Amino acid sequence: MTLLEQVGRAAIVQVEDVGALTMQFWSVLRKLPRVLPVVGARRRWRSAVVQMFAIGASALPMSGAMSLCTGFILALQSASELRKFGALELVVSLVAVGFTRELGPLITALSVSGRSASAISAEIGTMVVTEEIDALRVMGLDPVEITLAPKYLAALITVPCLTILSTLCGIFAGYLFLAFSMGMSLGVYCHAVAEAISLRDVGFMVVKSLVFATVIVHVGCLEGLRVRGGPEAVGHFTTSAVVKSTFLIILTDLGATAIFYLMGWSAAG
Amino acid sequence: MTDSSTAKTDDAVISIRGVSMSYGGRRVLDQVDLDVCRGEILVLLGGSGSGKTTLLKHVLGLAEPEAGSITITGVDITSCSQSELGAVRRRIGVAFQAGALFNSMSVEDNVALPLRELTRLADSTIKLMVWMNLVAVGLSHAGSLYPPELSGGMRKRAAVARAMALGPEILILDEPSAGLDPIVSAGLDELILFLKRSFGVTILVVTHELESAFHIADRVAMLYQGRLIAVDRKEQFAGNAHPRIRQFLDRQHDAMPRVAAEDFIASYLGVPT
């Protein structure tokens, strides 16, 4: 095989991957209304609720603790520099803005990615190996609607909620630091936080978290569906799901932040 | 093929014509022609790698053949639309080799799944139908159990109950006796015969278990290296003189390839002697 052929084949594989991602995303989007209560198929929303507990509720202690620690670290690091200029109060806006725009969505997405991208791909991969996906197809049922769509809906609802909660944890860590170091009261701190962040920052946070939720569940499902062979393949694709979703989260975060910056949306107020 | 196998093709519910398939340059199915007639049990025999599973995937519409057509209840599933394929699939019940039961659901919910998803029946009616199906396969006591709690035989029975849930015209069973002890396997054979007698369902069984095959079959077909080498009534099939069928029925192993010592050393060292 010549070098040109090798490059060509590799490029075709990559394009096929992107095509598969897009096709799956489109087919899931079309099926998403079927999971909603009242308008959707009967009982389907119940599996979305089960998924919400798996993806969201059980990830809360982890992402909350991570944000609390990161918030404290951010406050400590910035305070050591800001103290030199006698501007310790600026720690408030640094922690508040940093968490709302960036760290809250990112830390939550990374913790959900580690837990749920692997869990989703392992679950779906096992269903492929044990012929459960084939069984659904030959019953005339759509695996996308029954197994994938509830996970998408659950992630799109729970990841933004988790993001808000872990951002609050991060900002609360900033308060703990300032309360200990300069005896700032909670009322003053909350007022300073409200001054520092704008509604637009909160909007960015929610948009980012929705994008990250899509990346996590999408990569997890696709890697699960790609499992071929025996149970050992499930482990391989599970690892691949975590690696790919983590990398894509960082990449989309960079893209989103760059777009916000270039459009001038990052400026406060 | 004898007259007895071709005489009833007008009554075929599954009609496979000239189906071929290759993977990576290797011919897996080669011009396969096969009819499954209404109300019969046809057993498809074949060794490992003979193409049985591939043929089954094509019949279920999970793979598309390179050439040929597969007509099920009058619809060519190789060229029909997705909605037509869905309608055909609703007339087929399939029990996969390992059962393919959903581990997150109880046996009752597994059997109820196609009824809940594909019909508008009331919950009380679905409950009654599930119970009747579980009674038919002898699992009325195990409805609340989950698949990991079932024995191998119970799992296969539960898979048959789910496959029968919508009252299919055709039942397809992939290796129903594989991995089961003789007593459980015999019980499953009786269940298959009972389903044929009681519901008049057409049954296609894919297996390599000879004893079970000859007990339940009306006709037996055999695949070898992707080719269908015989389709016959089981009595005639048992007397077939084809060397591969004789080898299969008489359980004779293939000759081991013999390698001369110097060739082995040469291939090991990578130098010609």
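Definitions and cut-offs
Residues numbered from 1 in each chain as written. Chains lettered and ligands numbered in written order. Predicted model: local features only at pLDDT ≥ 70, side-chain atom pairs only at ≥ 80, totals over all residues. pLDDT = per-residue confidence, 0-100. Contact = placed C-beta atoms within 7 Å. Core = buried A, V, L, I, M, F, W, Y, C linked by C-beta atoms within 7 Å. Buried ≥ 20, exposed ≤ 12 C-beta atoms within 10 Å, placed from the backbone. Helix = DSSP H or I, 4+ residues; strand = E, 2+ residues; numbered from the N terminus. Pairing = 2+ DSSP bridges. Nonpolar A, V, L, I, M, F, W, Y, C, P; charged D, E, K, R; others polar. Axes fitted to C-alpha atoms, helices over the stretch in contact; angles between N-to-C directions.

Q: Explain the confidence of the model for chain B to me, please; I cannot follow it from the model alone.
A: Parts of the model with low pLDDT should not have their predicted coordinates read in detail. All names here are of chain B. Counting all residues, the mean pLDDT for chain B is 86, and 95% of those residues have values of 70 or more. Here residues 1-8 scores under 50 on pLDDT; set against residues more than four positions off or in separate chains, the count is 11 contacts. Both scores are given for the predicted complex: the pTM is 0.82, the ipTM 0.81.

Q: Is there a simple way to explain the nonpolar core in this structure?
A: In terms of nonpolar packing, the biggest core is built from 135 residues, with I216 of chain A together with V43 of chain B touching the most fellow members. Residue contacts for I216 of chain A: discarding those within four places in its chain leaves A109, V112, S113, S116, A117, A155 and S245 of chain A.

Q: What should I look at first to understand unusual backbone geometry in this one?
A: Note on backbone geometry: most residues besides glycine have negative phi, and most peptide bonds are trans. Even without glycine at this site, E131 of chain A takes up a positive phi of about 65°. In this structure E131 of chain A comes out as buried when scored by C-beta crowding, with 20 C-beta atoms within 10 Å. The phi dihedral of E175 of chain B falls on the positive side, at around 45°, and the residue is not glycine. Positionally, E175 of chain B belongs in the loop between β7 (170-174) and α7 (182-199).

Q: Hey, could you run me through the pairing of strand β3 (residues 41-45) of chain B in this one?
A: In regular strands, side chains alternate between the two faces of the sheet. All names here are of chain B. For β3, the tally of buried residues reaches five of five residues, placing the bulk of the element in the interior. The two faces of β3 match: I41, V43 and L45 on one face and L42 and L44 on the other face are all buried. Bridge count between β3 and strand β8 (residues 202-207): five bridges; the pairing is parallel. Bridge pairing in β8 links L42 to L204. Bridge analysis of β3 against strand β9 (residues 219-224) gives four bridges, and the strand direction is parallel.

Q: Explain the environment of D142 of chain A to me, please; I cannot follow it from the model alone.
A: Examined against the element boundaries, D142 of chain A turns out to sit in the loop between α5 (132-138) and α6 (143-182). When the C-alpha positions of D142 of chain A and K31 of chain A are compared, they lie 9.5 Å apart, and in sequence the two are 111 residues distant.

Q: Teacher, can you tell me more about the sheet that holds strand β1 (residues 12-23) of chain B here?
A: Pairing between the strands of a sheet comes from backbone hydrogen bonds, and it takes one of two forms, parallel or antiparallel. All names here are of chain B. Sheet architecture is open: four strands sit in the order β2-β1-β4-β5, paired in antiparallel fashion. Looking at strand neighbours, the two that pair on one side only are β2 (26-37) and β5 (75-76), the edges of this open sheet. Relative to strand β4 (residues 67-72), β1 is paired through five bridges, and the arrangement is antiparallel. By the bridge assignment for β4, S15 is matched with T71.

Q: I'm lost on the interface of chain A and chain B in this one. Help?
A: Size of an interface: often given as the accessible area lost when the parts come together. At the interface, 11 residues of chain A touch 15 residues of chain B. Tallied by class, residues from the side of chain A that touches chain B come to four nonpolar, two polar and five charged.

Q: Help me understand the pairing of strand β6 (residues 92-95) of chain B, please; the structure alone is not making it clear to me.
A: All names here are of chain B. Burial along β6 is two-sided: the residues I92 and V94 and G93 and A95 are all buried. Note that β6 and β7 share four bridges and pair parallel. Residue pairing across strands places V94 opposite I172, the latter belonging to β7.

Q: When you look at the sheet that holds strand β10 (residues 227-233) of chain B in this model, what are you seeing that I'm missing?
A: Residue and element names in this part refer to chain B. Judged by pairing direction, the sheet is mixed, and its six strands sit side by side in the order β6-β7-β8-β3-β9-β10 without closing on themselves. Two strands in the sheet have a free side with no partner beyond their single neighbour: β6 and β10. Sheet twist, expressed as the mean angle between neighbouring strand axes with direction ignored, is 15°.

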